[in-house]
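One-letter residues, chain by chain:
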Amino acid sequence: MSQDIKNSRPASHQAYEMIRDRILNGDIPSGTKIVEERLAQELGCSRTPIREALRQLIYEGLIVNKRVVQPTEKDLRNLFQVRILLEGFSSQTAAIYLPEEELNLLSHCIKVGREGTTEEVMKANERFHEIIVQASGNSQIIDIMDRMKSIIYLFRKTVVLHQRPRLIEEHEEIYESIKARNGQAAKQLMENHLQADLDFCLHILSSTNYE
């Protein structure tokens, strides 16, 4: 069903959001060939904003060789190696610098993770990690993680939808170590948490191939 692009924001940004959301929610499945003309017709706009939107999606890694990305085991391992390094460091830094207000937000994310709907849990999970990354105070780390955000979403969805054991409990342990200002414990717990995410996603990948 076509959806006209409104004039309230740049057409390229709206096109980007629509295409990205279709990829992330599975409406445009992995491996699908991307055709500019077809997308322009479906979204009710010219090819120029579509082209600009696709450029951003390529930059974020959601489109590779004109097809929706099909993450491989190697892709997954590479992604999590980066996350373990950067988020481990960020957690250690958060234990030193994270203010009380942000600590309360982490606690709220944990509460939503226990009680919320699937969509709320997804958002709370993302926000939990985002707060910690922001606490690094390192613009390079923040930029790298922002670029990977959409790909991370694909694997976060796997972790949440398949209800990985101890997901929220691990968040709580990370939170408690940050609250206690124990940087080394926070770093180690985050690294362990992401390694568990990786192992779980690899298990799901091997059994379903994301199909």
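Above this text you will find the structure in question.
Residues numbered from 1 in each chain as written. Predicted model: local features only at pLDDT ≥ 70, side-chain atom pairs only at ≥ 80, totals over all residues. Heavy atoms only, no water.

### Details of the overall build of the chain
So, step 1. Secondary structure summary: the chain contains 10 helices and two strands in total.
So, step 2. Along the chain, helices and strands appear, N-terminal first, in the series α-α-α-β-β-α-α-α-α-α-α-α.
So, step 3. Here the chain has a C-alpha radius of gyration of 18 Å; the compact-globule value for 211 residues is 17 Å, and the two agree.
So, step 4. Out of the 211 residues in the chain, the part that is buried amounts to 45%.
So, step 5. Counting contacts in the chain only where the partners sit at least 6 residues apart, residues at least 24 apart contribute 75% of the total.
So, step 6. With the model as given, the accessible surface of the chain reaches about 11600 Å², and the carbon-plus-sulfur share is 49%.
So, step 7. Treating the 27 positive side-chain charges of the chain as one cloud and the 31 negative ones as another, the clouds have centres 5 Å apart. (Helix = DSSP H or I, 4+ residues; strand = E, 2+ residues; numbered from the N terminus. Rg over C-alpha atoms; globule rule 2.2 N^0.38 Å. Buried < 20%, exposed > 50% of the residue type's maximum accessible area, 1.4 Å probe, protein only. Contact = heavy atoms within 4.5 Å. Areas by Shrake-Rupley, 256 points an atom, 1.4 Å probe, with all protein chains shown as cover. Lys, Arg positive; Asp, Glu negative; His and termini not counted. Charge placed at Lys NZ, Arg CZ, Asp CG, Glu CD.)

### Some remarks on helix 7 (residues 139-147)
So, step 1. For helix 7, the full list of buried residues reads Ile-141, Ile-142 and Met-145. End-on, the buried residues of helix 7 take up no more than an arc of 100 degrees, which puts them together on one face.
So, step 2. Elements in contact with the buried residues of helix 7: helix 4 (73-97), helix 6 (118-134) and helix 8 (149-161).
So, step 3. Taking the backbone nitrogen of Gln-140 as reference, a side-chain oxygen 2.9 Å away marks Asn-138 as the first, capping residue of helix 7. (Arc of directions from axis to C-beta. Polar contact = N/O pair within 3.5 Å; in protein donor to acceptor, adjacent residues only side chain to side chain.)

### Structural notes on the environment of Tyr-97
So, step 1. For Tyr-97, the position within the fold is in helix 4.
So, step 2. On a C-alpha basis, the gap between Tyr-97 and Ser-136 in space is 8.4 Å, while along the polypeptide they are 39 residues apart.

### A closer look at the layout of surface pockets
So, step 1. By volume, the second largest pocket amounts to about 290 Å³.
So, step 2. In terms of lining, the second largest pocket is formed by 14 residues, of which the most central are Glu-60, Gly-61, Leu-79, Met-148 and Ile-151.
So, step 3. Among the secondary structure elements, those contributing two or more residues to the lining of the second largest pocket are helix 3 (47-59), helix 4 and helix 7.
So, step 4. Top contributing element to the lining of the second largest pocket by residue count: helix 4, with four residues. (1 Å grid on protein atoms, 1.4 Å probe; cavity = no way out; pocket = protein on both sides within 12 Å on 5 of 7 lines; lining within 4 Å. Points joined across faces, edges and corners; volume = space filled by probe spheres on them.)

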